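Fold and geometry: a report
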Amino acid sequence: MNISFCKPSILSLLICSLVAASFNAQSKSVNAKEEFTESPNALTSAYRKPLDAWPPAIQVENLKITELGSINAYIAQIKEFKENNADKVRLGKQLFFDPRLSRSNQIACASCHDAQLGWADGKRKALGHNRQQGLRNSMSLLNVSAFQPLFWDGRAQSLQHQALMPIQDSLEMHSTLPEALSKLNQITGYRQQFAAIYQPQQVNTTISAEQLADALASFQKTLVSRPSRFDRFVEGDYQQLNDREINGLHLFRTKARCIVCHQGTFLTDNKFHHTGLSYYGRKFEDLGRFNSTAQEEDKGLFRTPGLRGIKHTGPYMHNGLFPSIRGVLNMYNAGMTFRKKLKPGEPALSPLIQPLNLTKNELQDLELFLLTLSSENSRYVATPTLPN
């Protein structure tokens, strides 16, 4: 990874050193089966109980925190949707994998959202039309229907709204809606499928932008996490997490303050925060939500990503700065850019972020817990046969 963008300042030296540390962390895998002897038996016993009997999570003034939870109810809900909309989901899947939606006929939605990479792409920043590098890291589409608004900057208000944006983005699929729709309307197989789903009583129908968005959104809605060891633990199989992972869970909910922003079933508050990585006034500046709202208070804000599937969705942060989970944890442990002297006009760090003073063992346990939020293996999804 090229880290030449770091400049010789206290902040950039800190970031550079933590990025380098995250590379080292990648080569030192943490053994989740290792015995943990420092955690009191009382703590692990307290968590091997129904969720409502767990020790209380950290409390933050004027902030309501939603407790963590199992994803199984959401999975059942999406399964029912998929069964009731099978034809539409099947059509949306074809479109998702079809590169003909791009101007070059080479880039599909699936190009940047790979099932085996947690429906992200594994790159620091996405590559699009003519191998151009995008502006941000590709967000995972896992459980995407549970989030609103969408994208790192929240510029899409719904899944349907989001579905058409990459097609029209000059750095991504580099097409226009009229161009993409013209192609689709020349493909007999697509014309027949759209007509059967959206206009079964009409003849000489044409595919519309609204129908295209709805079909794509319908497939994307079915991209859900599989139950993880954490889910099985919450559901009552208390041997799914070992003592170290339980200690990591406790740290997540208390001293490490992760639950302040990563909460609920999907481990996100669906809000926007400034974590200090906007690079204000420098070469790689990205003002986040401000770019879509033009509101001064939105400078540097980025959406809190969900943490499910985190094992498979690196590199991390909106700019893909960290190739490993440990690099992210190191940065938050240091307080991100806590007490950094701000330039004129530079957005202040979110008040929710502060130095954590976690020990090396605590950081290891926290990482171990985070890995329990992913299913053991990445998913393989075969490319569907596309209509001619």
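Residues numbered from 1 in each chain as written. Predicted model: local features only at pLDDT ≥ 70, side-chain atom pairs only at ≥ 80, totals over all residues. Heavy atoms only, no water.

A few words on the confidence of the model for the protein. The predicted model of the protein averages 90 in pLDDT, with 89% of residues at 70 or higher. Counting interchain partners and residues more than four positions distant, the pLDDT-below-50 stretch residues 1-11 has 20 contacts. (pLDDT = per-residue confidence, 0-100. Contact = heavy atoms within 4.5 Å.)

With that settled, consider the nonpolar core. The biggest cluster of nonpolar side chains holds 45 residues, and the ones touching the most others in it are Leu95, Phe96 and Leu212. When contributions to this core are tallied by element, the ones reaching two or more residues are helix H3 (72-84), helix H4 (86-96), helix H5 (159-168), helix H6 (177-185), helix H7 (188-198) and helix H8 (209-221). At 7 residues, H8 tops the list of elements feeding residues into this core. Not counting residues within four places of it along the chain, the set of residues in contact with Leu212 comprises Leu95, Leu101, Leu164, Ile167, Leu181, Leu184 and Phe194. In terms of nonpolar packing, the next biggest core, distinct from the first, is built from 39 residues, Leu267, Val328, Leu356 and Leu373 among them. (Core = buried A, V, L, I, M, F, W, Y, C linked by side-chain atoms within 4.5 Å. Buried < 20%, exposed > 50% of the residue type's maximum accessible area, 1.4 Å probe, protein only. Helix = DSSP H or I, 4+ residues; strand = E, 2+ residues; numbered from the N terminus.)

This next bit is on the side chain of His312. Within the element layout of this structure, His312 appears in the loop between strand E2 (302-303) and helix H12 (325-333). Take His312: its relative accessible area is 17%, and that puts it in the buried class.

Our focus in this paragraph is the environment of Ala213. Positionally, Ala213 belongs in helix H8. When the C-alpha atoms of Ala213 and Gln162 are compared, they prove to be 8.2 Å apart, with 51 residues separating the residues in sequence. When residues no more than four places from it in sequence are discounted, the contact partners of Ala213 are Gln160, Ala163 and Leu164.

So, on to the pattern of salt bridges. Where side chains of opposite charge bring their charged atoms close, a pairing between them can arise. Tallied over the full model, the rule gives 16 salt bridges. A salt bridge links Arg229 to Glu245, with the shortest nitrogen-to-oxygen separation between them at 2.8 Å. Taken together, the positions of Arg229 in helix H9 (residues 229-234) and Glu245 in helix H10 (residues 243-253) put the pair 16 residues apart, joining distant regions of the chain. The partner of Glu367 in a salt bridge is Arg326, and the shortest N-O contact between them spans 2.7 Å. Placement of the pair is Glu367 in helix H13 (residues 360-371) and Arg326 in helix H12, with a sequence separation of 41 residues. The residues Glu367 and Arg326 share a single accessibility class, namely buried. Salt bridges linked by common partners bring Arg136, Asp153, Arg155 and Asp286 together as one network. (Salt bridge = Lys/Arg side-chain N within 4 Å of Asp/Glu carboxyl O.)

Any pair of aromatic rings gets described here by the distance separating the centres and the angle formed by the planes. Inspection of every chain in the model, using the stated rule, returns 13 aromatic pairs. Here Tyr74 and Phe266 contribute two aromatic rings whose centre-to-centre distance is 4.8 Å and whose plane-to-plane angle is 80 degrees, an arrangement assigned as edge-to-face. Of this pair, Tyr74 sits in helix H3 while Phe266 is found in the loop between H10 and strand E1 (272-273), placing the two residues 192 residues apart along the sequence. By relative accessible area, Phe266 is classed as buried at 16%. Clustering of aromatic rings is evident, with ring pairs tying together Tyr47, Trp54, Phe233 and Tyr238. (Phe/Tyr/Trp six-rings, centres within 6.5 Å; stacked < 30°, edge-to-face > 60°.)

We now examine unusual backbone geometry. Cis geometry is found at the peptide bond from Gln148 to Pro149, where omega equals -5 degrees. Relative to the helices and strands, Pro149 is located in the loop between H4 and H5. Cis peptide bonds are those with omega within 30 degrees of zero, and the linkage from Gly314 to Pro315 qualifies with 0 degrees. Mapping Pro315 onto the fold places it in the loop between E2 and H12. A positive phi is found at Asn105, a non-glycine position, where the angle reads about 60 degrees. Within the element layout of this structure, Asn105 appears in the loop between H4 and H5. Taking the relative accessible area as the measure of exposure, Asn105 reaches 38% and is therefore partly exposed. Phi angles above zero are rare outside glycine, and Asn357 is one such case at about 60 degrees.

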